[in-house]
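Results of the structural survey
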Amino acid sequence: MITFCVITCTYNAVRELSRTIDSVERQTYANVVHIIMDGLSDDGTADMARQYARRCGDAGSHHVVTVVSERDGGLYDAMNKAIGIASGDYVLFLNAGDTFADDNTLERVAAMIGVGEGKELPAVVYGNTDIVDAQGRFLHRRRLQPPERLTWRSFRMGMLVCHQAFYARTDMVKRILYDRRYRFSADVDWCIRIMREAERQGLGLFYTHITLCKYLDGGLTVKNHRASLIERFRIMVRHYGLFTTLAAHVWFVIRK
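Definitions and cut-offs
- Residues numbered from 1 in each chain as written.
- Predicted model: local features only at pLDDT ≥ 70, side-chain atom pairs only at ≥ 80, totals over all residues.
- Heavy atoms only, no water.
- Buried < 20%, exposed > 50% of the residue type's maximum accessible area, 1.4 Å probe, protein only.
- Helix = DSSP H or I, 4+ residues; strand = E, 2+ residues; numbered from the N terminus.
- Pairing = 2+ DSSP bridges.
- Polar contact = N/O pair within 3.5 Å; in protein donor to acceptor, adjacent residues only side chain to side chain.
- Contact = heavy atoms within 4.5 Å.
- Axes fitted to C-alpha atoms, helices over the stretch in contact; angles between N-to-C directions.
- Parallel < 35°, antiparallel > 145°, perpendicular 65-115°, else oblique.
- Left-handed = near helix turned anticlockwise from the far one by under 90°.
- Nonpolar A, V, L, I, M, F, W, Y, C, P; charged D, E, K, R; others polar.
- 1 Å grid on protein atoms, 1.4 Å probe; cavity = no way out; pocket = protein on both sides within 12 Å on 5 of 7 lines; lining within 4 Å.
- Points joined across faces, edges and corners; volume = space filled by probe spheres on them.
- Expected span 1.5 Å × (residues − 1).
- Arc of directions from axis to C-beta.
- Phe/Tyr/Trp six-rings, centres within 6.5 Å; stacked < 30°, edge-to-face > 60°.

**Here we look at the pairing of strand β8 (residues 166-169)**
Where burial is concerned, the two faces of β8 agree: the one with F166 and A168 and the one with Y167 and R169 are both buried. In this sheet, β8 lies alongside strand β4 (residues 90-93) in antiparallel orientation, the contact comprising 2 bridges. Residue pairing in the sheet places V91 in a bridge with A168 of β8.

This is the structure:
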């Protein structure tokens, strides 16, 4: 059976974390590893995470929960640390406040990609995203929608797949970490590099056609919008060149 490794990075997020924990715990799919990487919270976040780990252990759950609480150098450093101890076939990120779309999301994904003799797993499994408020109520579908055929070139037109709806093979993720030179948009760069490596290896990217996650409105990128846009421009120039990036930004203005 395919094993999914869910990574949740937290810092003083006790109000939001419970929703994410509940969503992972309710997954009907058995083979789930949940890593909670906490940045030495002082509001009870780490205690909540440890109680969750004990609860799963005492109940004999098929979900394996690991909690680490230590100082880090920011979100992307925490993600890299979590990747270092990640296991299973696919890594995916759900930060505090984010949830799966449904209780059977991972079960549906596993059934779609399957495992068979001689069958190679896709490098990336991706899907759709709903935006929700602090109470978990639906606000709207994410404005940018995944394409039917995704490649690393697709992100020239923006980050068409939400980071939380982008599942990457663990063996690739172990070799491709987040670039900590970026403070707000390293996830964009990381997704592009994962897809470039997939193309180099001749591995497929699989579109599930279903909503995979509910994303909490107002995350790190939204709160630092201007700085994030500048970083994204630099990332696009790095991967696609200056002319292509400028042309894409002209289209962004027209599209709005």
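**Comments concerning the side chain of T3**
Relative to the elements of secondary structure, T3 occurs in the segment before β1 (4-10). Looking at T3, its side chain comes within polar contact range of the side chain of N31, at 3.4 Å. T3 has contacts with N31, V33, G88, D89 and Y90, leaving out every residue within four places of it along the chain.

**Notes on the packing of helix α1 (residues 14-25) against helix α2 (residues 45-58)**
α2 packs onto α1 with a crossing angle of 20 degrees between their chain directions and a minimal axis gap of 9 Å. Here α2 runs roughly parallel to α1, going by the angle between their axes. The interaxial crossing formed by α1 with α2 has right-handed handedness. Touching V14, L17, S18, I21, V24 and E25 of α1 are T45, M48, A49, Y52, R55 and C56, all from α2. Here the contact of α1 with α2 is composed, by residue class, of 8 nonpolar, 2 polar and 2 charged.

**Digging into the layout of surface pockets**
A water-sized probe rolled over the atoms picks out the places where empty space is left. In this structure, the second largest pocket encloses a volume near 170 Å³. Lining the second largest pocket are 10 residues; nearest its centre among them are G73, G74, L75, Y76 and R183. A total of 3 residues in the lining of the second largest pocket trace back to one element, the largest contributor, which is helix α3 (residues 75-85). Along the lines of polarity and charge, the residues of the lining of the second largest pocket split into 5 nonpolar, 2 polar and 3 charged.

**Looking at α1**
An ideal rise of 1.5 Å per residue puts 16 Å on 12 residues; α1 measures up with 17 Å between its terminal C-alpha atoms. Residues of α1 that are buried include every one of L17, T20, I21, S23 and V24, and no others. Buried residues of α1, viewed axially, fall in a sector of 160 degrees; they line one side. Tucked into the core, α1 has its buried residues touching β1, β2 (32-38), α2, β3 (63-69) and β5 (99-100).

**Here's the deal with the packing of aromatic side chains**
With the rule as written, the count across this model stands at 10 aromatic pairs. Centroid distance Y76 to Y178: 5.7 Å. Interplanar angle 25 degrees. Geometry classified as stacked. Of this pair, Y76 sits in helix α3 while Y178 sits in the loop between α5 (170-173) and α6 (186-201); the two residues are 102 residues apart in sequence, bridging distant segments of the chain. On the accessibility criterion, Y76 (5% relative accessible area) is buried. For the pair Y178 and W190, a centre-to-centre distance of 4.7 Å together with 15 degrees between the ring planes defines the contact as stacked. Of this pair, Y178 sits in the loop between α5 and α6 while W190 sits in helix α6, and the two are 12 residues apart along the sequence.

**What about α6?**
Owing to its 3.6 residues per turn, the α-helix aligns residues three or four sequence positions apart on the same side. The terminal C-alpha atoms of α6, which comprises 16 residues, lie 23 Å apart, in line with the 22 Å expected from a rise of 1.5 Å per residue. Along α6, 12 of the 16 residues are buried, which leaves the element largely enclosed by surrounding structure. Looking only at α6, the buried set comprises A186, D187, V188, D189, W190, C191, I192, R193, I194, M195, E197 and A198. Positive phi shows up at G202, right after α6, with a value of about 70 degrees.

**Observations regarding the environment of I194**
Its place among the elements puts I194 in helix α6. For I194, a relative accessible area of 0% gives the class buried. Spatially, the C-alpha atoms of I194 and A123 are 8.1 Å apart, while their sequence positions differ by 71 residues.

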